[in-house]
Amino acid sequence: MSCHATGTATAVVETGTPLVALAGNPNVGKSTLFNALTGARQRVGNWPGKTVAVAQGEWRTLGGHRLRLADLPGSYSLLPDSPDEALVRDVLTAPPQARPDLVVFALDAANPARNLYLLSQILDTGIPVVVALTMTDVAARRGAAPDPAALARELGLPVVPVEGRERSGLDLLADTVTDVLAAPAPPAARWPAGSPVDAELEELARASARAEHPYPARWLAVSLLCGERPAGAPADLVSRARAAAARLEQAAGDSAPDDSAPDDSAPDTDPDPGFDSADPADPADPAASADAELLVAEARYGWAHAVIERAAPRPAHARPTLTDRVDRLLLSRSFGIPFFLAVMWGVFQATTTLAKPLQDGLGDFVSGPVSGGAEQLLDAVHAPGWLTGLLVDGLINGVGQLLTFVPLMVIMFALLALLEDSGYFARAAFVADRLMRTLRLPGRAFLPLVVGFGCNVPAFASTRILSRRSHRLLVGLLIPYTSCTARLAVYVMIAGVFFGSHSGTVVFLLYVASVLLVVGMGLLLRPLLFPRMREEPLVLELPPYRLPTLRVTGSQVRQKLGAFLRTAGGIIVATAAGVWLLMAIPAGAAAGGGFGNVDVEQSVFGRLTEAVAPVMAPAGFGDWHATAALGTGLIAKEGVVSTLAQTYSAEEDGGPRLTASLHATFEESSGGHPEAAALAFLVFVLAYTPCMATVAAQRAEIGTRLTLIGLGLQLAAAWLLATGVFQIARLLW
């Protein structure tokens with residue numbers, strides 16, 4: 001189903017509990033406020049009937065009230081330019097029984113003009129609104145903090161200053177929201193459009209109120225006047241709107257252009273079955289709606305600036321803030337990219353250095369007391385050998401080896417959360433804008449790629465911030481080349497075994513290689529698949545720099561680690577059990593032994609991986625241990641680590657140390673160049689298919705044909721790059 005489809009957007013939540021929507025522009029502190037209001041009582045999932053994820057949670061007030069809170073995606077307009085904005089529009093203009101009972105609008109006190117533009121559109125829906133005034137400390141430092149009382153008077157809405165990071169103002173916001181919900185519905189707040197727009201709009205709104213349709217009356221009137229055509233809009237109302245748009249064009253003295261735009265000059269979005277453009281065969285001039293839309297936009301901004309002048313007058317000579325001074329350096333052409341690379345190198349170096357002693361201790365604990373205790377317990381109850389093998393060699397050693405990377409994940413997530421909470425990560429899109437333009441992609445395309453470095457699966461959903469379909473498809477093909485945190489576990493293990501104190505630098509260089517691979521594949525695919533793609537300017541708001549807080553950082557680490565363990569847990573258990581089962585089955589009568597009592601190389605698993613191993617010989621790791629790990633890595637990269645642990649543990653009695661076994665294997669398979677082979681193995685892990693969950697998410701976003709093309713390219717690129725790296729590196733080692 002298209003993300004644009006109009007349907008009943010109802011949340012699967014407790015019946016009878018009021019639904020409150022949290023709305024606002026991107027980077028205004030909205031999600032921070034959502035986390036402060038809901039705490040751990042939240043979940044993230046697709047909005048019913050949509051493919052866009054929305055965070056929902058329970059908001060418990062001090063007065064004992066329970067509210068359902070939905071954190072809608074950040075949006076600049078209800079005239080959507082992306083699937084995320086389309087979702088916000090659909091939720092706020094749904095039929096009355098599915099519409100939110102109230103909107104909490106997060107308004108950035110430091111940059112209110114653009115925020116008020118969206119607020120004026122939300123007011124058109126007729127839903128009660130409470131304004132949560134965020135970023136007041138930043139506005140105060142700039143000498144332009146709005147007066148909440150004056151702002152409330154100008155807007156005709158309750159205004160509550162809040163600070164989600166410090167949890168200030170939350171009780172007052174809760175009391176205000178419950179009071180508004182309990183009170184009789186007041187007349188809907190209005191923004192004065194100004195003459196002549198106001199007169200035409202009011203007449204059209206009255207006609208809309210009398211007509212039968214599921215939409216808010218004033219919102220439908222404005223949408224039709226601006227050239228939108230929601231499904232089910234009465235035909236006579238559409239005709240009225242076009243006539244009104246023509247009168248506005250005549251009154252403004254504008255002339256309609258005759259030339260049509262080039263094919264790719266308009267956003268290349270998916271067809272929207274719920275909202276159609278005007279019929280080109282209609283005798284009314286289609287340029288009139290464009291002129292009316294411009295007049296309405298000018299009226300909204302005029303109202304917004306008038307409100308700001310009366311409620312938040314600006315100083316005549318505003319001094320540059322600390323954020324302004326820092327950005328002059330960090331966003332400069334000469335310093336921006338080197339600083340970003342230095343920061344990321346520091347993150348990876350600190351991660352590998354700090355995590356190693358914790359990993360070693362946890363690994364010794366799992367392979368020693370845990371495995372030994374389990375064996376003794378199973379021997380005491382006279383458990384059959386196959387059950388001991390399954391539990392000890394299959395589950396405990398496999399899953400236990402993965403769990404040793406929990407300290408690594410905690411440190412990595414904490415450092416990245418600190419960077420995000422400080423406001424620096426948002427600058428990455430600006431720093432990368434020039435790089436993205438080499439692919440004819442906008443700078444905002446860097447954001448889904450950044451998400452991909454955490455996990456490829458949600459990165460595909462993040463492509464919906466891109467307005468052009470061609471941009472979304474190209475980024476969807478490039479996301480698998482971004483190195484996710486599941487691959488990080490493999491990097492750290494292999495790099496630690498073969499490169500010792502230089503492992504942090506090796507891991508960092510793999511991430512640099514990931515960026516170069518994204519650019520290289522983009523340069524290859526863009527002219528082949530999207531030759532008519534055009535550039536698009538970058539428009540992105542940057543949050544102010546802030547000192548990270550322990551509570552926000554801890555919350556992000558908890559959520560990301562929990563999501564990682566929930567995702568990996570089931571996959572790893574199933575993979576470990578499946579691998580052990582294949583290792584326990586003899587490959588024919590010649591293998592000798594029975595079920596659970598066969599040499600690994602004589603098992604079904606060993607024979608399958610041995611058959612594939614020669615393909616990897618040119619890359620230096622043509623050994624069945626390596627190909628076995630890569631095979632399970634197709635299911636999930638977390639399986640690479642557990643499979644290596646299983647194969648070596650099952651092959652030799654006593655569970656040898658993984659380090660010595662890996663060294664011996666790569667020494668033999670590479671002809672005496674183990675470091676070169678290990679580096680090639682890491683490059684292959686970087687470039688080939690991330691996991692089956694990624695493939696499913698990719699198919700949902702870009703379709704089956706492009707997904708299959710992408711799979712073939714990933715495997716081919718991985719083999720070619722790994723072979724090239726080994727053949728060159730073996731000359732150096």
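Just so it is clear, the model here is predicted, and its values are computed rather than measured.

Calculation rules
- Residues numbered from 1 in each chain as written.
- Predicted model: local features only at pLDDT ≥ 70, side-chain atom pairs only at ≥ 80, totals over all residues.
- Heavy atoms only, no water.
- Helix = DSSP H or I, 4+ residues; strand = E, 2+ residues; numbered from the N terminus.
- Buried < 20%, exposed > 50% of the residue type's maximum accessible area, 1.4 Å probe, protein only.
- Contact = heavy atoms within 4.5 Å.
- Areas by Shrake-Rupley, 256 points an atom, 1.4 Å probe, with all protein chains shown as cover.
- Axes fitted to C-alpha atoms, helices over the stretch in contact; angles between N-to-C directions.
- Parallel < 35°, antiparallel > 145°, perpendicular 65-115°, else oblique.
- Left-handed = near helix turned anticlockwise from the far one by under 90°.
- Nonpolar A, V, L, I, M, F, W, Y, C, P; charged D, E, K, R; others polar.
- Expected span 1.5 Å × (residues − 1).
- Phe/Tyr/Trp six-rings, centres within 6.5 Å; stacked < 30°, edge-to-face > 60°.
- Lys NZ or Arg CZ within 6 Å of the ring centre and 35° of its normal.
- pLDDT = per-residue confidence, 0-100.
- Core = buried A, V, L, I, M, F, W, Y, C linked by side-chain atoms within 4.5 Å.
- Polar contact = N/O pair within 3.5 Å; in protein donor to acceptor, adjacent residues only side chain to side chain.
- Salt bridge = Lys/Arg side-chain N within 4 Å of Asp/Glu carboxyl O.

Caption draft 1: Focus on the overall build of the chain. Looking only at helices and strands, the chain has 29 helices and 9 strands in total. Out of the 733 residues in the chain, the part that is buried amounts to 52%. Residue pairs in contact within the chain that sit at least 24 positions apart in sequence constitute 74% of those at least 6 positions apart. Accessible surface, the chain: about 30900 Å² in total, of which carbon and sulfur atoms supply 60%.

Caption draft 2: Seen up close, the packing of helix α19 (residues 469-478) against helix α28 (residues 692-702). Contact geometry of α19 with α28 gives a least axis separation of 10 Å together with a crossing angle of 165 degrees. In terms of their interaxial angle, α19 and α28 are classed as roughly antiparallel. Of the two elements, α19 crosses α28, and the hand of that crossing is left-handed. Contacts from Arg472, Leu473, Gly476 and Leu477 of α19 reach α28 at Gln698, Glu701 and Ile702. Residues that form the contact of α19 with α28 fall into these classes: 3 nonpolar, 2 polar and 2 charged.

Caption draft 3: Quick look at helix α6 (residues 170-182). Along its 13 residues, α6 runs 18 Å from first to last C-alpha, staying within 8% of the 18 Å computed at 1.5 Å per residue. What α6 keeps buried is the set Leu170, Leu173, Ala174, Thr176, Val177 and Thr178.

Caption draft 4: Region of interest: the packing of aromatic side chains. All told, the structure shown has 11 aromatic pairs when counted by the stated rule. In textbook terms, an aromatic cluster arises when at least three aromatic residues are bridged by ring pairs, as seen for Phe498, Phe621, Phe666, Phe681, Phe684 and Tyr688. The ring of Tyr117 is capped by Arg300, whose NZ or CZ atom sits 6.0 Å from the centre of that ring. Seen from the ring of Tyr688, Lys637 lies directly overhead, with NZ or CZ sitting 3.7 Å from the centre.

Caption draft 5: Looking closely at the environment of Val497. Note that Val497 resides in helix α20 (residues 485-499). Taking the C-alpha atoms as reference points, Val497 and Ala678, 181 residues apart in sequence, are found 9.2 Å from one another.

Caption draft 6: Spotlight on the environment of Pro407. Tracing the backbone shows Pro407 in helix α14 (residues 406-422). Here the alpha-carbon distance between Pro407 and Leu358, two residues 49 residues apart in the chain, equals 6.5 Å. Beyond its immediate sequence surroundings of up to four residues, Pro407 is in contact with Ala355, Leu358 and Leu362.

Caption draft 7: Inspection of the confidence of the model for the chain at higher detail. Mean pLDDT over the chain: 79, with 82% of residues reaching 70 or higher. Element-level pLDDT for the chain is lowest in strand β9 (residues 275-276), with a mean of 44, against a maximum mean of 95 in strand β7 (residues 159-161). The low-confidence segment residues 1-14 (pLDDT under 50) makes 45 contacts with residues lying over four places distant or belonging to another chain. Taken as a whole, residues 650-656 scores under 50 in pLDDT and shows 10 contacts with residues more than four places along the chain or in a different chain.

Caption draft 8: A look at the packing of α14 against α20. Close contact between α14 and α20 brings their axes to 11 Å; oriented N to C, the two are set at 125 degrees. By the criterion of interaxial angle, the relationship of α14 to α20 is oblique. In terms of crossing hand, the pair formed by α14 and α20 is right-handed. For the pair formed by α14 and α20, the contact residues are Leu408, Met409, Met412 and Phe413 on the first element and Thr485, Leu488, Ala489 and Val492 on the second. Of the residues contributing to the contact of α14 with α20, the split by class is 7 nonpolar, 1 polar and no charged.

Caption draft 9: Here's a closer look at unusual backbone geometry. At Arg167, a position not held by glycine, the phi torsion is positive, near 60 degrees. Following the sequence through the fold, Arg167 ends up in the loop between β7 and α6. Despite not being glycine, His382 shows a phi value in the positive range, around 55 degrees. Mapped onto the secondary structure, His382 falls in the loop between α12 (336-380) and α13 (385-403).

Caption draft 10: Local environment of the nonpolar core. Counting 92 residues, the largest nonpolar core has Tyr491, Ile494, Phe621, Leu662 and Phe681 as the members making the most contacts within it. When sequence neighbours within four positions are dropped, the list of residues in contact with Leu662 reads Met493, Ile494, Val497, Phe498, Leu644 and Tyr648. With 65 residues, the next largest nonpolar core counts Val88, Ile127, Leu151 and Tyr215 among its residues.

Caption draft 11: Summary view of the environment of Ser77. Summarising the element assignment, Ser77 is placed in the loop between β4 (66-71) and α2 (83-92). Sequence-distant contacts of Ser77, defined by excluding residues within four places in its chain, comprise Glu85, Tyr117, Leu118 and Gln121. There is a polar contact of 2.9 Å between the side chain of Ser77 and the backbone nitrogen of Leu79.

Caption draft 12: Expanded view of the pattern of salt bridges. Considering all chains together, one arrives at 10 salt bridges under this definition. Measuring nitrogen to oxygen at the nearest pair gives 3.1 Å for the salt bridge that ties Arg300 to Asp124. Taken as a pair, Arg300 in helix α10 (residues 286-311) and Asp124 in the loop between α3 (112-123) and β6 (129-134) lie far apart in primary sequence, 176 residues in all. On the accessibility criterion, Arg300 (3% relative accessible area) is buried. Between Arg310 and Glu154 there is a salt bridge, and its shortest N-O distance comes to 2.7 Å. Linking Arg310 in helix α10 with Glu154 in helix α5 (residues 148-155), this pair joins segments that are 156 residues apart in sequence. Here the salt bridges share partners, and the residues they tie into one network are Asp124, Glu202, Arg218 and Arg300.

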